[in-house]
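So you can see what is in the structure, the chains are spelled out below.
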Number of protein chains: 2
Amino acid sequence: MVKRFYVDQYVDQILAGNRVVLSRAITLTESKLPADQELAQQVINRLLPYSGNSIRIGITGAPGVGKSTFIEALGNYLIKQYQKKLAVLAIDPTSQRTGGSILGDKTRMPVLSTQPNAYIRPSPAGTSLGGVARYTRESIILCEAAGFEIIFVETVGVGQSETAVHSLTDFFLLLLLAGAGDELQGIKKGIMEMADALVITKADGANQEKARLAQAEYQNALHLFPVPPSGWQVPVQLSSALENTGIGEVWESIEAYVQKTKQNQHWEKKRQQQNLYWFHQTIRQTLEERFFTHPDVAKQLKAKEQAVLSGQLSAFAAAADLLNLAYK
Amino acid sequence: MVKRFYVDQYVDQILAGNRVVLSRAITLTESKLPADQELAQQVINRLLPYSGNSIRIGITGAPGVGKSTFIEALGNYLIKQYQKKLAVLAIDPTSQRTGGSILGDKTRMPVLSTQPNAYIRPSPAGTSLGGVARYTRESIILCEAAGFEIIFVETVGVGQSETAVHSLTDFFLLLLLAGAGDELQGIKKGIMEMADALVITKADGANQEKARLAQAEYQNALHLFPVPPSGWQVPVQLSSALENTGIGEVWESIEAYVQKTKQNQHWEKKRQQQNLYWFHQTIRQTLEERFFTHPDVAKQLKAKEQAVLSGQLSAFAAAADLLNLAYK
């Protein structure tokens, strides 16, 4: 069990940069106990005025693209070159990992995980995407209050989590592999549309030529689509963790994006829209959770779904039947 | 006011192909009166076993692409060549049109609107996208029970309605113009991803060369993306309503798609998934409608949104405040 403190203690210690208390506060937000939840909300609301000052960077890519290696390289670069304080949060709704995941992160990012300026926090195990997104959002607030200037939000799973990460971050990095055959394999178009930069990893040795070809192809593909509302031209960059190249250039892109969008107010507008999105999203999720855990609804849900699938009941009639159970 | 019949009368007359009664039943589904809604649901549930036997074709494209002209051409072709019975339903959530829209459709599709084998039904005015999608879905069921073998669902508005149409139809046709400059202007990537065929319209005269170039470009763009779950290779075709070319080829593509997906069971699977989608979507929409029309919630919503936008309250705290109002 986690040790609890008073609200003031959490607030003071987190603002002082105490990472043990930071970790406990994050664990508190993940707790299912109502008392913990209330305590967590109090802490978060007290720290909210001290949050928001980081650059939140989402990082995604298919398995095998070298995400951990890239994060390790970029993270160490930022700490050595700019003395930045960096937090790495992972979104992994499918994970069955438990406490062992911290060891996992030590293996994944061996140097970064020992840096005093880096804080790596795995995603809690066995929760829904909505839950993980919420914890991550609250973790971002807590980390920012603790003085972290750059926050990586990494998708470990694939699929829907990218949308969640995109709505949690300022800058969205898509890592790609210059593959044989279909360059976009496994990468849904919707993900490309969300990206603020594409980075082709492992662009070294015999791979370099292939990587350059892929770069040109992605650039062409991006040109087909309209300029995003930020006015930002999405770059396609090359990097190699092996030869340690391209990392500085990716950071320059991020800095250029921050400068441009702070100037044209897109930065602030995007964050406000994200806040509104999470406000409505939370309401939506809570309404559905309450509905689907209603005992009568839970009991009949499968039968109604079957009736819809087999064509016995229209989707609307089946929905009305269930809704009547909860609201009668 | 619409004249009402008994459930049996609606059912018998619609099954007999009486289009006056069909129209009245559709109007009934659009009514906001609870008694009408109940009657409509009874009729729909009775007719459900007689539905499902049509090919449902979604047709979308930016304004100016020649959607009406294309529908007129393809519709008349199907009626003349194959003696098909065809219904055209429009989805237009932004529309402020009232009764006058029927006249509008007569102007938009002058020949088709006079064909005894064609039934054209405009979208009801002043309703939300969710509402229109629902009416359209119910209209499809009613039209199928009335013996229509092909159903066009046309998006009149732009933006989100494409997703709704995609989830209502078997085959999704995206009409495109070979334009000067950016070929994909105004067409969001997500829409291309949903398309089962791209048709470049106005491919005639001086436009022909441009259209062929655009065709090659779209074909390249499509090759970048993985094969959809249906196993269907999305064709890029050319058509001209002026020279009456390409229309038969589009129909051949649709028939090939139907044959292929009925063989590999994707056809049935897609329809079942659509039914489940609408089941959950209806529940979601109803829960939200009830929540946001709750008097206390409605009164405080704007203030909470403001508090979130200005950073005074976290998205989650603000959501919790509102949820407590409705559930206390």
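Because the structure is predicted, anything quoted here is derived from the model rather than measured.

A. Structural detail: the relation of the copies chain A and chain B. Superposing chain A onto chain B requires a rotation of 179° together with a translation of 0.1 Å along the rotation axis, leaving an RMSD of 0.2 Å. The transformation relating the two chain copies, once decomposed into turn and shift, fits a two-fold axis. Taken as a fraction of all interface residues of chain A, those also at the interface in chain B reach 100%, which identifies the copy contact as same-surface.

B. Up close: the sheet that holds strand β4 (residues 150–155) of chain A. All names here are of chain A. Overall, parallel pairing links the seven strands, which are arranged β3-β2-β4-β1-β5-β6-β7 in an open sheet. Each having just a single partner strand, β3 (118–121) and β7 (236–238) make up the two edges of the open sheet. Strand-to-strand, the axes of this sheet are offset by a mean angle of 25°, without reference to chain direction. Where strand β2 (residues 86–91) meets β4, six bridges bridge the pair, whose relative direction is parallel. Opposite A87, over in β4, you have I151 as the bridge partner. Each of β1 (55–61), β2, β3, β4, β5 (171–177) and β6 (197–201) is contacted by helix α4 (residues 67–82), which is oriented at about 180° to β4, the strand it contacts most.

C. Looking closely at the packing of helix α1 (residues 7–15) of chain A against helix α3 (residues 34–47) of chain A. All names here are of chain A. In contact at an axis separation of 9 Å, α1 and α3 are set at 45° when each is read in the N-to-C sense. Classified by the angle between their axes, α1 and α3 sit oblique to one another. Crossing handedness for the pair α1 and α3: right-handed. Contacts from V7, D8, Y10, V11, I14 and L15 in α1 reach L39, Q42, V43, R46 and L47 in α3. Residue composition of the contact of α1 with α3, grouped by class: eight nonpolar, one polar and two charged.

D. The arrangement of the interface of chain A and chain B in detail. Taken together, the contact pairs 51 residues of chain A with 52 residues of chain B. For the pairing of chain A and chain B, the buried interface totals around 5,000 Å² over both sides, and the portion due to carbon and sulfur atoms is 71%. For the interface between chain A and chain B, the tally reads two salt bridges. One salt bridge in this structure joins A:E288 and B:R284, with 3.4 Å as the shortest N-O distance. There are five residue pairs in polar contact (both at pLDDT 80 or more) connecting chain A and chain B. Those elements giving two or more residues to the side of chain A that touches chain B turn out to be α3, α6 (129–145), α8 (189–194), α9 (208–223), α11 (266–292), α12 (295–309) and α13 (315–327) of chain A. Looking at the side of chain A that touches chain B, the element that brings in the most residues is α11(A), giving 15 residues.

What counts and what doesn't
Within any chain, residue numbers begin from 1 and follow the written order of that chain's sequence. A letter from A marks each chain and a number from 1 marks each ligand, given out in the order of writing. For this predicted model, a pLDDT threshold of at least 70 governs which residues receive local features, and a threshold of 80 or more governs which side-chain atom pairs are given and counted, while totals over whole chains, interfaces and linings are taken from all residues. For side-chain calculations, the full set of non-hydrogen atoms in the structure is used, while hydrogens and water are omitted. Copy-to-copy alignment: least squares on C-alpha atoms, limited to residues at pLDDT 70 or above in both. By the convention used here, residues are in contact when the closest approach between their heavy atoms is within 4.5 Å. Should DSSP find at least two bridges between two strands, the strands are regarded as paired. By definition, any uninterrupted DSSP run of H or I lasting at least four residues is a helix, any uninterrupted run of E lasting at least two residues is a strand, and each is numbered from the N terminus. For helices, the axis comes from a line fit to the C-alpha atoms of the stretch in contact; other axes are also lines fit to C-alpha atoms, and the angle between any two N-to-C directions lies between 0 and 180 degrees. For classification purposes, angles smaller than 35 degrees are called roughly parallel, those larger than 145 roughly antiparallel, those between 65 and 115 roughly perpendicular, and all remaining angles oblique. We call a crossing left-handed when the near helix sits turned anticlockwise from the far one by less than a right angle, and right-handed when that turn is clockwise. Classification used: nonpolar for Ala, Val, Leu, Ile, Met, Phe, Trp, Tyr, Cys and Pro, charged for Asp, Glu, Lys and Arg, polar for all others including Gly. What gets called buried area is simply the loss in accessible area from a 1.4 Å probe that two parts show on being joined, summed for both. Salt bridge, as used here, is a side-chain nitrogen of Lys or Arg placed within 4 Å of a carboxyl oxygen of Asp or Glu. Within 3.5 Å is the distance limit for a polar contact, defined as a pair of N or O atoms, with the added protein rule that one can donate a hydrogen and the other accept it, and that residues adjacent in sequence qualify only through two side-chain atoms.

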